[in-house]
Amino acid sequence: MKQLPALLAAMILLLSCCAAPESPAAKDAVAEDAAVCESQLFAMDTYMTLRAYGSAAPSALAEATSLIRTLDAALSAADEGSEIAAVNRSAEPVTVSDDTAALLSRALELSGTLNGALSLTLSPVIRAWGFVSRAYRVPGKEEIAGLLKQVDDTKIQLEGNTVTTPEGTELDLGAVAKGYAADRAAALLQERGVSACILNLGGSTIRTVGTKPDGSLWRIAIRDPKDEEHYAGTLLFGEGAVDTSGGYERFFEGEDGEIYWHILDPATGYPARSGLVSVTVLTGDACTGDALSTALFVMGAEDAVAFWQTRRDFEFVFLTETDDILLSEGVQFTPQGRYADAPITVIRHETDP
Ligand code: ADP
Ligand code: MG
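A quick note: this is a predicted structure, and the numbers were derived from the prediction, not measured.

Taken in spatial order, the 3 strands make up an open sheet running S4-S6-S5, and their pairing is antiparallel. The sheet is open, and its two edges are formed by strand S4 (94-95) and strand S5 (157-159), each paired on a single side. Pairing geometry for S5 and strand S6 (residues 162-164), over 3 bridges, is antiparallel. Pairing of Glu159 across the sheet is with Thr162, part of S6.

As structure tokens, this is what we get:
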């Protein structure tokens, strides 16, 4: 089974371009802008679809695809050849690439401001639950307590491009890597002249540049956390990032009949049961959004709303265990399906910035 993703990855690298169906042959600038090009790849353990518009798109997308693969190779903790694995093997300082250093710097900053809800050193605990090997199990209380002693992001030192992690501390940037890759790919596409694109990295990270070529907003669906075939609703969104974290992404049922999912509360080492089942964050950059969606899921609605009140740089959609919807005031969200008549609470800023 392990080979399947690699095999699919090889097969699926596909670059397809065509003029937008409505455009009457590319004879004017409008048709030129509307020509859409799409690239699909398997990277960072997920399927990605990169869609860009305009004449610069085909070659820019090929470059963005290879950039994402390079980032994946550097950042994957599970890959022995990655920079992160090298950092984890050594208690001595290790020199990393500019991208790994930039992401780590941002990730440490985010972990510092998120009150322990996001941890970059949680790997030993995540592994104990079987979320890496997929040999799922419920670890004992003492085992978790022992492993939690290894969880401490302040032990990671970054100076320039040099990272030092002491013996026993393990770095994993998995909760933010996709977001960073999306931002870098978007920036590269822009540098190459693309002014409209939508990058979908596994559904949980969406990064856009501009609007659709016709000037309309992007429509981004949020899936129903209890039913992967259906959506909970649709967002209208301009330029930036939409990141979602949900317990449904990876979970197992224990012998006790309980559902255990892959987002853990670093304070307890157990899956975060905060009352939220899906957290979507709308921000300017996907790296921040990726970190926030994971962390707010851990915090739960009350703490997450209190955190949002202190900030002006993101909006959110929360879906609760009881099928309620919580929206921040700046979101354009239309519920659908099972959520069409769900109770909606709109949260407003208590004070002006
Ligand atoms: P996705 O993989 O869809 O982006 P997340 O961004 O929510 O989902 O990241 C979840 C991954 O991050 C988990 O698979 C796990 O490896 C790791 N993780 C789980 N809980 C935490 C946490 N509290 N802080 C940081 N990383 C976490
Ligand atoms: Mg995340």
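Here we take up the coordination of the magnesium ion (ligand 2). Only Asp290 (O), Asp290 (OD) and Thr294 (OG1) from the protein reach the magnesium ion (ligand 2) as donors, at distances of 2.2 to 2.4 Å. Highlighted residues: Asp290 and Thr294, both in helix H9 (residues 286-299), separated by 4 residues, approximately one helical turn. By relative accessible area, Asp290 is classed as buried at 8%.

Leu114, Leu173, Leu235, Leu296, Val317 and Phe318 are the most contacted members of the largest nonpolar core, which has 94 residues in total. If sequence neighbours within four positions are ignored, Leu296 has contacts with Leu276, Val279, Val281, Ala304, Phe307, Phe314 and Phe318. Listed in part, the 12 residues of the second largest apolar core include Ile144, Leu147, Leu148 and Leu264.

Moving on to the packing of aromatic side chains. Throughout the structure, instances matching the rule amount to 13 aromatic pairs. Relative to Phe318, the ring of Phe316 lies with its centre 4.0 Å away and its plane at 10 degrees, an arrangement referred to as stacked. In terms of burial, Phe316 and Phe318 fall into one category: buried. An aromatic cluster of three or more residues is present, and its members are Trp129, Phe131, Tyr136, Phe252, Tyr260 and Tyr270. Note that Arg273 overlies the ring of Trp261, its terminal NZ or CZ placed 5.6 Å from the centroid.

What follows concerns the sheet that holds strand S17 (residues 333-335). Adjacent strands of a sheet form backbone hydrogen bonds with each other and so pair up, either parallel or antiparallel. Taken in spatial order, the 3 strands line up as S9-S10-S17 in an open sheet, and their pairing is antiparallel. Because the sheet does not close on itself, it has two edges, and the strands there are strand S9 (218-224) and S17. For this sheet, the mean angle separating the axes of adjacent strands, direction not counted, is 30 degrees. Pairing analysis gives 3 bridges linking strand S10 (residues 227-237) to S17, with the strands arranged antiparallel. When the bridges of S17 are listed, Leu235 appears paired with Phe333.

Residues other than glycine predominantly adopt negative phi, and peptide bonds predominantly adopt the trans conformation. Positive phi, normally seen in glycine, also occurs at Asp45, with a value near 70 degrees. Checked against the element boundaries, Asp45 lands in the loop between strand S2 (36-43) and strand S3 (46-53). The backbone of Arg134 shows a phi angle near 70 degrees, a positive value even though the residue is not glycine. Inspection of the secondary structure puts Arg134 in the loop between helix H6 (123-128) and helix H7 (141-148). Residue Arg134 is classed as partly exposed on the basis of its relative accessible area, which comes to 46%.

Conventions used here
- Residues numbered from 1 in each chain as written.
- Chains lettered and ligands numbered in written order.
- Predicted model: local features only at pLDDT ≥ 70, side-chain atom pairs only at ≥ 80, totals over all residues.
- Heavy atoms only, no water.
- Pairing = 2+ DSSP bridges.
- Helix = DSSP H or I, 4+ residues; strand = E, 2+ residues; numbered from the N terminus.
- Donors = N, O, S within 2.8 Å, 3.2 Å for Na, K, Ca; no water.
- Buried < 20%, exposed > 50% of the residue type's maximum accessible area, 1.4 Å probe, protein only.
- Core = buried A, V, L, I, M, F, W, Y, C linked by side-chain atoms within 4.5 Å.
- Contact = heavy atoms within 4.5 Å.
- Phe/Tyr/Trp six-rings, centres within 6.5 Å; stacked < 30°, edge-to-face > 60°.
- Lys NZ or Arg CZ within 6 Å of the ring centre and 35° of its normal.
- Axes fitted to C-alpha atoms, helices over the stretch in contact; angles between N-to-C directions.

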